[in-house]
Amino acid sequence: METQLDPSKDDLPLMANTSHMLMKHYVLDLDVDFKSQVIEGSIVLFFETGSSFRKVGSSVEGVCHPRSDETFKIRAFELCHIPVTNASACSSKTGYNDFAVCGKGEKDTSDKNGNHSNRAQASGISSSKKCCDIENHGSEDFLLVLDCCDLCVLKVEEVDVAAVPGIEKFTRSAKLTEGSEELGNLRNQIVHELVTLPADRWEEQLYYYTCCSQAPGCGELLFTTSTWSLEIRKAGIRIPRDFPRAIRICYKTKPEGRSVTWTTDQSGRPCVYTMGSPLNNRALFPCQEPPVAMSTWQATVRAATGFVVLMSGENSAEPIQLQEGIFSWNYYVTMPMPASTFTIAVGYWIEVKWESLATEVMTNDVISLPFSKADFRLVEGGCGHLEYPCRFQNPGATSQPVIPHRVFAPWCLKDLCAEILLELIPQCLSAAHATLGTHPFSRLDVLIVPSNFSSLGMASPHIIFLSQSVLPGGSHLCGTRLCHEIAHAWFGLAIGARDWTEEWISEGFATHLEDVFWAAAQQLPCDEAREQQELKALLRWRRLRDEVRNSEEELQVLRPKKENTGETSESGASIIKHGLKAEKIFMQVHYLKGYFLLRSLARRIGEATYFTFLRKFVQKFHGQLILSQDFLYMLLEDIPEQKGYGLSVESIFQNWLDTSGIPKLLPDQLVLLLESLLEEKTLCPRTLQCLEKTYRLQEQDAEVRHRWCELVVKHKYAAGYGAVEKFLWEDQAMGVYLYGELMVNEDAKQQELAHKCFAAAREQMDMSSAKVVAEMLF
C-alpha cells in the first residue's frame, strides 16, 4: 500500500511501523513551564515485536480478570519514587528528575526548523527503505519509526532494565551475564515478560514499569527527525526481534506545537490543554498514532504551586510536594487504548463540590428504561480483548449506575457549574448505564475548558472537556452535550475504529445514543421522548441537507477507503485522507449520516430489539477496535429476519457508507421523515421543492405520496397541487381524508381543487366513500 502524501488534499500520515514494533506501555515524566510555554522531560516506551513477526490482532482473546476498583489501589507516591539510581540519563534543570530533557552542556544539533538528531553518528539514515530490509534480514539496520512533529528530540537511549533490583524474577535465567548480545537478549526477555503479565498482577506490573523507566541508560541510539516522524536505529541491529524493547526519549515541546494550546482561562489565569488537534498527540510526545498500537500508560507531571493537573487516568491523583513551589501529579491507565486518546489539562482549576451531602444523595436515583430489563450478566467465556483488569467482569462495576465523578472549572464559572453540572452528571451517567450497562471507565472528571476550545465537548478516558457555551440558558444544551460525550465512553473509547477514516463509528453512535440517554435522564414518558427525538431528527436532517449542498462530495463519504478500509502498508504506516483539511474538522456529516443510519436500523427492527442487540455488541467488542462490517454482520446474524427484507451489509455500504449525499431512503423511512415534517408549522417552498426532487416523491409508493400530498396541502405549496389532483384520481382508496384537509384550511384555491377532483371522480367512487367526501365538501 502506497503511503505517498498528496499535499493538495491535506492528508495526514501515520508513519509508525507498527507491523514491526508495537508499543505496549509508555511512561511520561514531564515538567510544565508556563513561562517558556514548553513541556519537557522524557518518555520511556516498552515494545513487543509487531504483527509481521508474531500473531496479534485487534481482538486477541485473553483471560480477562475482573477489576475491583476498591481492591486494586496504588498510591501515586509508590509509583513514581522508586529508589533506582540513574547515572547516565538526562539531568533535570530542576534537580528532582533523573531523566528529564538534557540541554545543558550539549551541542545544539537542531536545524533551522528546530528538529534535532545525532545525525553525525547516524549518517545515511534518510529513509526506511535504505535503512531496513526486513524480509531478507537485509544489509541495513532496522529502523524504528515513531509519529512525531513539532518536538525537539534531544536524546534517545536504550534503557538498562536488567539493572532494576529484583528484576531477575522476569528472566528464565536469573544469572545476568556481561556479554553484549546476551545482555541485550536478556533485556528484551525482561520487557517481554513484563508486558505479558496477567491482568491480576497489574499492580506489580505498574510498579516494575516505574522501576524500569527510572533505570539508567545503556547506550545512545541513533536518531533523526523529519516533519512527521522520529526514526531510531541501533547500529548492527537488522531485525525487529533484536531491537531494544525499552527506549527512553528526552525531548521538549515547542510553544507553537499543535497538540496542545497555551492560553488563559476565563479568569485570566494561564493554562495548557490538549484541544483535540487533528495531529492528536504526536506534538506532545513521540508515539505510535495508528489505532492498532493500543497501549497502557502512566505519567508524572510537575507544575508550580496552584496549578491542578488533570489527565486521562484511572486514579484521582493527589499532588505531592517535591520542593518549595513544585508539585507532582501521577496518573496511570491499565486498559490498553490508542495514544490518540491521551489527554492532559493543566491550569488553575477549581473543583466544584456539593454544598451538602443531602443534595448529592438526592440526585443518585437509578434510572430504568422500558427496553433495559435484560440483565447485564458477565461476559460468558471471558472477554475478547487483550488482557487487562476489565470492569465488565466485575460484578460491582456492572451494577454501578453512577461512577465517581468530579467537576473542575475556572474560578469565575464555579457557581454556574454547581448550579447546572452537579445535578446533571449523575442523571446522565445513570441513564447511560440503564441503556448500555457497565461503565467502561471507573471514574470521570468533567472540566470546563477555556473559551478558545473549538468544540462543545470532547471525551477522553476518564475525563470530558466541555465548552463554557453549554452552561447558560438552562440544562438542555448542557445535558444533551454531556450525554453525547458520556456515550463516547462506549463508542469511541472502549470500542474504537480500527481505521480513523470511519469516524462515524464514534460520532454516529454517540449522536444516536445522546437522544436516548437524555430522554432517560429527564425521565420523560415514552410519548414525550419520542416527540423530542422526532424534533431533533428533523433539525438534524435539515443540517445534513445543508451540509451536503455546500460541501465537497468526497468529504461526505463515511467509508472513503471502501473495500480498502483497515488496510495499511507492509510496515503498518497509512494515510488518513483529508486528515488535515481545515473545513473537515467542522463538518457534521459523519455525525449525522451515521445517526440516521442507526436511527433507520433501530426503527426497522424495533427499538427494544435494537438496544438489546447493542448491549450484546458492547459486551462482545469492548476493549477492541472494529470496522463497520463488524457491527453490521453481527446485527444481521443476531436478527436474521432482516435479511429477508433486503437488508444486507452490501446494501448498507452502497446506500449509506460508500457514497456521498443523503442516502436513498426506504419507503417506511420516507414515511417517517414526511410525518416528522408534517409536525412543522412552516416549511418554505424551496424546502418542499428540494424535498420532492431529492427523494423523487412522485415515483414513490402510495403511502409516501399520500404523506407528500398532506405536506403540499398543509403548507399551501401550489406547485404540488398537480400531485394532489393525480393522487385523488388514481389512489381513491387512500384519498378520502385528503378532501377534508383541502377544506379545513379554508383556502379558496384548495377548496376549488377539492370540488374539482370530487366532481371528476364522484361517479366512479363507491357509495360510502362518495357520501363521506360529500359531507366534507358540502
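Source: prediction; values computed, not measured.

1. Thoughts on the overall build of the protein
Here is step 1 of the chain: Helix and strand content of the protein: 21 helices and 24 strands.
Here is step 2 of the chain: Here the contacts in the protein between residues at least 6 apart in sequence split such that 76% fall between residues at least 24 apart.
Here is step 3 of the chain: When the accessible area of the protein is evaluated, it comes to approximately 32300 Å², of which 49% is carbon and sulfur surface.

2. So, the nonpolar core
Here is step 1 of the chain: Residues Ile 232, Ile 249, Leu 421 and Phe 631 are the most contacted members of the largest nonpolar core, which totals 195 residues.
Here is step 2 of the chain: Among the elements that make up this core, the one with the highest residue count is helix α7 (residues 414-436) (twelve residues).
Here is step 3 of the chain: If we ignore the near neighbours within four places in the chain, the residues touching Phe 631 are Phe 509, Leu 598, Leu 601, Tyr 610, Phe 613, Leu 614 and Phe 617.
Here is step 4 of the chain: Of all hydrophobic cores here, the second largest spans 22 residues; its members include Val 44, Phe 46, Val 191 and Cys 211.

3. Some words on the sheet that holds strand β3 (residues 38-49)
Here is step 1 of the chain: The strand order β6-β5-β9-β3-β2-β12-β15-β14 describes an open sheet built from eight strands, whose pairing is mixed. The sheet terminates laterally at β6 (217-220) and β14 (320-323), the two strands that pair on one side only. When strand polarity is set aside, the average angle formed by the axes of neighbouring strands in this sheet is 25°.
Here is step 2 of the chain: Pairing of strand β5 (residues 151-159) with β6 involves two bridges; the strand directions are antiparallel. Its bridge partner being in β6, Glu 157 is matched across the sheet by Glu 220.

4. A few points about the packing of helix α9 (residues 504-521) against helix α11 (residues 589-605)
Here is step 1 of the chain: One way to put it is that α9 packs onto α11 with a least axis distance of 7 Å and a crossing angle of 60°. With respect to α11, the axis of α9 lies oblique. Once α9 is placed against α11, the crossing between them reads as right-handed. Side by side, α9 and α11 meet where Trp 504, Glu 507, Gly 508, Phe 509, Thr 511, His 512 and Asp 515 of the first sit next to His 590, Tyr 591, Gly 594, Tyr 595, Leu 597, Leu 598, Arg 599 and Ala 602 of the second.

5. Re unusual backbone geometry
Here is step 1 of the chain: Phi at Asn 280 takes a positive value of approximately 60°, unusual for a residue other than glycine.
Here is step 2 of the chain: Inspection of the secondary structure assignment puts Asn 280 in the loop between β11 (270-274) and β12 (295-304).
Here is step 3 of the chain: Its identity as a non-glycine residue notwithstanding, Glu 746 has a phi of 55°, on the positive side.
Here is step 4 of the chain: In this structure, Glu 746 sits in the loop between α19 (736-744) and α20 (748-761).
Here is step 5 of the chain: Overall, the relative accessible area of 69% leaves Glu 746 in the exposed class.

6. Topic: the environment of Pro 389
Here is step 1 of the chain: Secondary-structure assignment places Pro 389 in the loop between α5 (357-362) and α6 (395-398).
Here is step 2 of the chain: Once the C-alpha coordinates of Pro 389 and Ala 199 are considered, the two residues, 190 residues apart in sequence, prove to be 5.2 Å apart.

7. Description of the sheet that holds strand β10 (residues 260-264)
Pairing between the strands of a sheet comes from backbone hydrogen bonds, and it takes one of two forms, parallel or antiparallel.
Here is step 1 of the chain: Taking strand neighbours across the sheet as the criterion, the four strands line up as β10-β11-β16-β13 in an open arrangement whose pairing is antiparallel. Every other strand in the sheet has two partners, leaving β10 and β13 (308-311) as the edge strands with one partner each. Strand-to-strand twist in this sheet, taken as the mean axis angle between neighbours without regard to direction, amounts to 15°.
Here is step 2 of the chain: Note that β10 and β11 share five bridges and pair antiparallel. Bridging across to β11, Thr 261 finds its partner in Tyr 273.

8. A closer look at the packing of aromatic side chains
Here is step 1 of the chain: Under the defined criterion, the tally for this structure stands at 31 aromatic pairs.
Here is step 2 of the chain: Geometrically, the ring pair formed by Trp 708 and Tyr 717 is edge-to-face, given 6.0 Å between the ring centres and 70° between the ring planes. Taken as a pair, Trp 708 and Tyr 717 share a single burial class, namely buried.
Here is step 3 of the chain: Among the aromatic residues, ring-to-ring pairing joins Phe 491, Trp 504, Phe 509, Phe 613, Phe 617, Phe 621 and Phe 631 into one connected group.
Here is step 4 of the chain: Its guanidinium or amino end placed over the ring of Tyr 348, Arg 269 lies 4.5 Å from that ring's centre, counting from NZ or CZ.

9. Quick notes on the pairing of β12
Look at any regular strand and the pattern is simple: side chains alternate between the two faces of the sheet.
Here is step 1 of the chain: Within β12, nine of the ten residues are buried, leaving the element largely enclosed by the surrounding structure.
Here is step 2 of the chain: By the bridge criterion, nine bridges tie β12 to strand β15 (residues 326-337) in an arrangement that is antiparallel. From the neighbouring strand, Ala 299 faces β15, where its bridge partner is Tyr 331.

10. Some thoughts on the state of the cysteines
Here is step 1 of the chain: For the coordinates displayed, the defined rule picks out zero disulfides.
Here is step 2 of the chain: Here Cys 684 is not cross-linked by a disulfide; its sulfur's nearest cysteine counterpart is in Cys 690, at 9.4 Å.

11. What about the confidence of the model for the protein?
Here is step 1 of the chain: On average, residues of the protein score 85 in pLDDT, and 82% of them reach the 70 mark or higher.
Here is step 2 of the chain: Throughout residues 55-62 the model reports pLDDT below 50, and contacts reaching past four residues in sequence, or to other chains, amount to 16 contacts.

12. Comments concerning helix α15 (residues 667-678)
Here is step 1 of the chain: Taking 1.5 Å per residue, twelve residues should reach 16 Å; α15 reaches 16 Å between its end C-alpha atoms and fits that length.
Here is step 2 of the chain: Where α15 is concerned, the buried positions are Gln 669, Leu 670, Val 671, Leu 673, Leu 674, Ser 676, Leu 677 and Leu 678.
Here is step 3 of the chain: In this structure, the buried residues of α15 make contact with α10 (526-549), α11, α16 (685-695) and α17 (702-714).

What counts as what
Residues numbered from 1 in each chain as written. Predicted model: local features only at pLDDT ≥ 70, side-chain atom pairs only at ≥ 80, totals over all residues. Heavy atoms only, no water. Helix = DSSP H or I, 4+ residues; strand = E, 2+ residues; numbered from the N terminus. Contact = heavy atoms within 4.5 Å. Areas by Shrake-Rupley, 256 points an atom, 1.4 Å probe, with all protein chains shown as cover. Core = buried A, V, L, I, M, F, W, Y, C linked by side-chain atoms within 4.5 Å. Buried < 20%, exposed > 50% of the residue type's maximum accessible area, 1.4 Å probe, protein only. Pairing = 2+ DSSP bridges. Axes fitted to C-alpha atoms, helices over the stretch in contact; angles between N-to-C directions. Parallel < 35°, antiparallel > 145°, perpendicular 65-115°, else oblique. Left-handed = near helix turned anticlockwise from the far one by under 90°. Phe/Tyr/Trp six-rings, centres within 6.5 Å; stacked < 30°, edge-to-face > 60°. Lys NZ or Arg CZ within 6 Å of the ring centre and 35° of its normal. Disulfide = S-S within 2.5 Å. pLDDT = per-residue confidence, 0-100. Expected span 1.5 Å × (residues − 1).

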